[in-house]
Amino acid sequence: MKSIRLLPDYPCTDTIEALEALLEDAKSGRLKGLAFVTFERGRRYSLGVTGVAHDDPTQALGPMFLHLLDLSKKIFASSG
């Protein structure tokens with residue numbers, strides 16, 4: 001398994017770009033909800049849900065579970 005790396009101490013441009021794209025999608029009405037994890041300094045994180053993911057947690061679980069499986073595969077493949 002890979003060792004834990006400290007988070008960079010500067011703005012993460014791909015995170016900023018992703019959030020700006022999500023904001024545009026939300027403003028246009030294409031984005032109806034989010035289920036997310038944020039990573040902050042000091043090994044802190046937060047979890048959140050909005051919109052349809054908040055209103056119908058069962059609907060949010062399916063895609064989140066598939067993402068969890070994908071991340072798990074990446075972790076175990078890199079530890080090989």
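Residues numbered from 1 in each chain as written. Predicted model: local features only at pLDDT ≥ 70, side-chain atom pairs only at ≥ 80, totals over all residues. Heavy atoms only, no water.

**Q** Describe unusual backbone geometry, and please don't skip the residues or the numbers.
**A** Its identity is not glycine, yet Arg43 carries a phi of approximately 55°, on the positive side. The exposed category is assigned to Arg43, whose relative accessible area is 64%. (Buried < 20%, exposed > 50% of the residue type's maximum accessible area, 1.4 Å probe, protein only.)

**Q** Just give me the short version of the environment of Thr50, but keep the residues and values in it.
**A** Along the chain, Thr50 turns up in strand β2 (residues 44-50). Separated by 15 residues in sequence, Thr50 and Ala35 place their C-alpha atoms 6.7 Å apart. With residues near it in sequence (within four places) discarded, Thr50 still touches Gly33, Leu34 and Phe36. (Helix = DSSP H or I, 4+ residues; strand = E, 2+ residues; numbered from the N terminus. Contact = heavy atoms within 4.5 Å.)

**Q** Pulling in residues and values, what's your account of the pairing of β2?
**A** Both strand β1 (residues 33-40) and β2 contribute to a ladder of seven bridges, which runs antiparallel. Following the sheet pairing, Phe39 is matched in β2 by Tyr45. Between β1 and β2, which pair antiparallel and follow one another directly, the connecting turn spans three residues, one of which, Gly42, has a positive phi of 75°. (Pairing = 2+ DSSP bridges.)

**Q** Account for a nonpolar patch on the surface, naming residues and giving values.
**A** Side chains of Val37, Phe39, Tyr45 and Leu47 sit close together on the surface and give an oily, nonpolar patch of about 500 Å² of accessible area. Listed by contribution, the elements that provide at least two residues to the nonpolar patch are β1 and β2. Structurally, Phe39 is set in strand β1. (Patch = residues over 30% accessible without salt bridge, like charges linked within 9 Å, V, L, I, M, F, W, Y side chains within 5 Å. Areas by Shrake-Rupley, 256 points an atom, 1.4 Å probe, with all protein chains shown as cover. Salt bridge = Lys/Arg side-chain N within 4 Å of Asp/Glu carboxyl O.)

**Q** An account of the confidence of the model for the protein is needed here, citing residue identities and associated values.
**A** Atom-level detail of predicted coordinates should not be read off regions where pLDDT is low. For the protein, per-residue confidence averages 88 on the pLDDT scale, and residues scoring 70 or more make up 89% of the total. Model confidence for the protein, summarised as mean pLDDT per element, is weakest for helix α3 (residues 57-79) at 90 and strongest for helix α1 (residues 13-28) at 96. (pLDDT = per-residue confidence, 0-100.)

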